[in-house]
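# Breakdown of the fold
Here is how the chains run, residue by residue.
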Amino acid sequence: MIRTEKSDGKDIFFFDGRMDTATCAGVEKELDGQIEKAEGTVVFDLGSVDFVSSAFLRICIATAKKKGAGNLKVANAAPSIKKVFKIAGLDQFLM
Amino acid sequence: MDEKNNFTQMVDQYFANAKTAAAVFSQLDQKQTDAIVKAVYQAGFKNRIRLAKMAAEETGLGKWQDKVIKNVVATQFVYEDIKDQKTVGIIHEDHVSGITEIAQPMGPILAIIPVTNPTSTVMFKILVALKSRNPIIISPSKKARKCSCEAARICYEAAMKADAPENCIQWVEDTSRETTQAMMTHRSLSLILATGGTGLVKSAYSSGTPTIGVGAGNVPVFIEKTADIPFAVEQIFISKCFDNGTICASEQAIVAEKSVASKVEEEFRRRKGVILSDLQVKQLEKIVFDNEKKLMNAEIVGQPAIAIAQKAGLDVPPDTQLLIAPLKGVGDEYPISSEILAPVIAYYVADDFEHAVNICIDLNYHGGIGHTVSMFSNDNRKINEFSMLMNAGRIVVNTPSSQGAVGGIFNMLSPSLTLGCGTGGKNITTDNVTAKHLLNIQRIARRRENQRFEKFDKALYFDETKDADEIEKIYNRNF
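If you're wondering where the values come from, they're calculated on a predicted model, not measured in any experiment.

We now examine the overall build of chain A. Within chain A one finds four helices and four strands. Ordering the α and β elements of chain A from the N terminus gives β-β-α-α-β-α-β-α. In terms of overall size, chain A behaves like a compact globule, its C-alpha atoms giving a radius of gyration of 12 Å where 95 residues would be expected to give roughly 12 Å. Here the C-alpha coordinates of chain A stretch approximately 30 × 25 × 20 Å along the principal axes. Buried positions account for 31% of the 95 residues belonging to chain A. Here the contacts in chain A between residues at least 6 apart in sequence split such that 70% fall between residues at least 24 apart.

See below:
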């Protein structure tokens, strides 16, 4: 169950632990619909995430496509996770 | 315009995939990385025979049985060499110097695959790329597309089962010069591993992307008078006839000292080598060498000796293994003194050691700078003397040159299917390229003061009367 919060007009989704391929299959299902309902900027809080797979990066890209460029942000990423977004060329998502 | 956009999008997608794979890979530790490498090696090894047969059938080059051995070297031998290497995180710590080395991956690698080793080179490059946590894109030769792509697919399937990042291995099914060129110059490409002809390697180096390439070989094998002659000739046959001579490190010319020449020739005949007459050499030249392109005739590459002999109209026994062409010189007037990747070999008789070395220098510099030279000898002084006069990344001694240069079988060179030829061959290294060449090594340098500099009176640097010798004396005072 993904914890969510509304703050300052942003819809924040909190992720936890390893965002591997198996976990992301479930995440995708859960996010389906929730993302459409989000009105403002969508924020993925990765403060408790220690691994991201290609599947999670795809979820980020798909979310950014749905909400429009600039309306997906990734927050509180640990340095190792921040580096992943940098290497993947997705640093535009980083807050 | 649409077609151009589609093409650009197609190429960009490969690199978007590769960048994502690189990002995910960066999180894996040594244990996770090694598990992937092991799984890929095992899958490649398991399919060694099927892939070898596929390669022989699709390319029409070489012998499938020898391609099995190539696949074994590319998987098992390479794996054995790299399996315990540290390629992730801190790989070396020196508390005295205060320097710590950290291994970082390079990023997406484009692997150009030659038609001569279309499955073994794929598996080799995949293993060393994954060991260093680099995603790889396989660019096959058009004439070996199916078998190269199948080798890549087998490796990828195994990698995914071992939790490798998605798209850590990709391959270009519909390869073309245009696609290869676009990929080589793509902004997201980190490195090209270019194994192929001179033109391709030059193109890779000119692309602006860092490249590790190879060079052409024109390997002389010197049979020095202290060599064990039957052994030497046997090893040469093992090498030159392997896969019908398609390995770039195979012997291209034999240079024997006069004092042992008749014994050498006797051994040639015993092993079904045919020493050609002058007239036969002329007939053969027309078939094996393209005088317009100034290169070996591509149609005879990897063909058996008897087939080549028949093409040239030579009357030789049907079980002939090797066509031996005695020559008097090296250069354009002697086409067979050039690289011919087939069971055809030039033969020189030298008056003595010095004469032999001179011939080998000529051969070495005739299209084979930096690659490999071979010597059979039991005189260590002469081995060293000969080696220092050659321009070759590897000087293999008392071994077959094909297998010897590749490494790991008859010597302790790193097994590799990408043999650097140094700057003479317009390459950046003379090494047998392996996983360690695909890492960016970072160094933490902790404070460790230079004691001599600390104690030195630095005001002396501003004293114009002090020259280098005086400064050196004072600088190195032991007190």
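The secondary structure content of chain B amounts to 17 helices and 17 strands. Taking 23 Å as the expected radius of gyration for a compact globule of 479 residues, we find that chain B reaches 25 Å, a close match to that expectation. Out of the 479 residues belonging to chain B, those deemed buried represent 53%. Across chain B, every contact between residues at least 6 apart in sequence was considered, and the portion connecting residues at least 24 apart equals 73%.

Let us look at the packing of helix 9 (residues 229-240) of chain B against helix 10 (residues 258-270) of chain B. All names here are of chain B. In contact at an axis separation of 9 Å, helix 9 and helix 10 are set at 50° when each is read in the N-to-C sense. Classified by the interaxial angle, the pair formed by helix 9 and helix 10 is oblique. Here helix 9 runs over helix 10; the crossing is right-handed. The segment helix 9 lies against helix 10, with I229, P230 and V233 engaging V260, K263, V264, E267 and F268. Residue classes in the contact of helix 9 with helix 10 are distributed as six nonpolar, no polar and two charged.

Burial of nonpolar side chains together is a common tendency in soluble globular proteins. Residue and element names in this part refer to chain B. Formed by 174 residues in total, the largest nonpolar core has its most connected members in V40, L127 and C155. Of the residues forming this core, the biggest block, nine residues, is contributed by helix 6 (residues 145-161). Here this core spans two domains, since at least three of its residues come from each of domain 1 (2-214 + 433-440) and domain 2 (219-411). What L127 contacts, discounting residues up to four positions off in sequence, is V37, V40, Y41, V78, Y79 and I82.

To continue, consider the packing of helix 2 (residues 30-46) of chain B against helix 6 of chain B. Residue and element names in this part refer to chain B. Close contact between helix 2 and helix 6 brings their axes to 8 Å; oriented N to C, the two are set at 140°. Relative to helix 6, the crossing made by helix 2 is right-handed. Facing helix 2, whose interface residues are I36, A39, V40, Q42, A43 and G44, helix 6 presents I154, C155, E157, A158, A159 and K161. Classifying every residue of the contact of helix 2 with helix 6 by side-chain character gives eight nonpolar, two polar and two charged.

This part is about unusual backbone geometry. Most peptide bonds take the trans configuration, and most residues that are not glycine carry a negative phi. All names here are of chain A. With phi around 60°, N76 is a residue other than glycine that occupies positive phi space. In this fold, N76 is placed in the loop between strand 4 (72-75) and helix 4 (79-87). Note on N76: 16 C-beta atoms within 10 Å, which makes it partly exposed.

Moving on to the interface of chain A and chain B. Facing the 10 residues of chain A at the interface are 11 residues of chain B. Those elements that provide at least two residues to the side of chain A that touches chain B are helix 3 (54-67) and helix 4 of chain A. Looking at which element gives the most residues to the side of chain A that touches chain B, the answer is helix 4 of chain A, with four residues. Looking at the side of chain A that touches chain B residue by residue, the classes come out as five nonpolar, four polar and one charged.

Time to look at the domain arrangement of chain B. Residues and elements named next belong to chain B. You can read the domains of chain B as domain 1 (2-214 + 433-440) and domain 2 (219-411). A separation of 32 Å is found between the C-alpha centroids of domain 1 and domain 2. Every contact between the two is made by 10 residues of domain 1 and, on the other side, 10 residues of domain 2. Of the residues assigned to the side of domain 1 that touches domain 2, the class counts are three nonpolar, two polar and five charged.

Residues and elements named next belong to chain B. Within the open sheet, the five strands sit side by side as 5-4-3-6-7. Their pairing is parallel. Two strands close off the open sheet at either side, each with one partner strand: strand 5 (169-171) and strand 7 (211-213). Sheet twist, expressed as the average angle between the axes of neighbouring strands with direction ignored, equals 15°. Of the strands in this sheet, strand 4 (136-139) and strand 5 touch helix 6, which is tilted by about 160° from strand 5.

Residue and element names in this part refer to chain A. With eight bridges joining them, strand 2 (residues 10-19) and strand 3 (residues 42-52) adopt parallel strand pairing. Looking at strand 3, one finds that D16 is bridged to S48. The sheet contact formed by strand 3 and strand 4 spans four bridges and is parallel. Paired with D45 across the bridge in strand 4 is A75. Note that the unit made of strand 3, helix 3 and strand 4 has a crossover that is right-handed.

Let's shift gears to the pairing of strand 1 (residues 89-94) of chain B. A regular strand carries its side chains on alternate faces of the sheet. Residue and element names in this part refer to chain B. Within strand 1, only zero of the six residues are buried, which leaves it mostly out in the open. As judged from the five bridges shared by strand 1 and strand 2 (residues 99-105), these two strands associate in the antiparallel manner. Bridged to I90 within strand 2 is I102. The antiparallel hairpin formed by strand 1 and strand 2 contains four residues in its connecting segment, where G98 sits at a positive phi of about 75°.

Adjacent strands of a sheet pair through backbone hydrogen bonds, lying either parallel or antiparallel. Residues and elements named next belong to chain B. The three strands are arranged 1-2-17 in an open sheet whose pairing can be described as antiparallel. Where the open sheet ends on each side, the last strands, each with one partner, are strand 1 and strand 17 (439-445). Sheet twist, expressed as the mean angle between neighbouring strand axes with direction ignored, is 25°. Pairing between strand 2 and strand 17: seven bridges, direction antiparallel. If you follow I102 over to strand 17, its bridge partner there is Q442.

What counts and how
What you see as residue numbers is a count from 1 along each chain, following the sequence as written. Chains and ligands are labelled sequentially in the order written, the chains with letters from A and the ligands with numbers from 1. The predicted nature of this model means local features are confined to residues of pLDDT at least 70 and side-chain atom pairs, given and counted, to a pLDDT of 80 or more, with totals for whole chains, interfaces and linings taken over all residues. Note on conventions: DSSP H or I runs of at least 4 residues are helices, E runs of at least 2 residues are strands, and numbering of each starts at the N terminus. The size measure is the radius of gyration over C-alpha atoms, and the globule rule it meets is 2.2 Å times the number of residues to the 0.38 power. Counts of 20 or more other C-beta atoms within 10 Å of a residue's own C-beta define buried residues, counts of 12 or fewer define exposed ones, and intermediate counts define partly exposed ones; C-beta atoms are placed from the backbone. Here contacts are defined at the residue level, using C-beta atoms placed from the backbone and a cut-off of 7 Å between them. The convention used is that axes are lines fitted to C-alpha atoms, helices contributing only their stretch in contact, and that angles between N-to-C directions extend from 0 to 180 degrees. With respect to orientation, any angle under 35 degrees is reported as roughly parallel, any angle over 145 as roughly antiparallel, any angle of 65 to 115 as roughly perpendicular, and every other angle as oblique. Handedness of a crossing follows from how the near helix is turned relative to the far one, being left-handed for an anticlockwise turn of less than a right angle and right-handed for a clockwise one. In this classification, Asp, Glu, Lys and Arg are treated as charged, Ala, Val, Leu, Ile, Met, Phe, Trp, Tyr, Cys and Pro as nonpolar, and every other residue, Gly included, as polar. Residues enter a nonpolar core if they are buried, belong to Ala, Val, Leu, Ile, Met, Phe, Trp, Tyr or Cys, and are joined to the set through C-beta atoms within 7 Å. An automatic or database domain assignment is the source of the domain bounds shown. Following DSSP output, two strands are said to pair if at least two bridges run between them. For the handedness criterion, the strands are oriented away from the viewer, and a crossover whose path from the first strand over the helix to the second runs clockwise is classed as right-handed.

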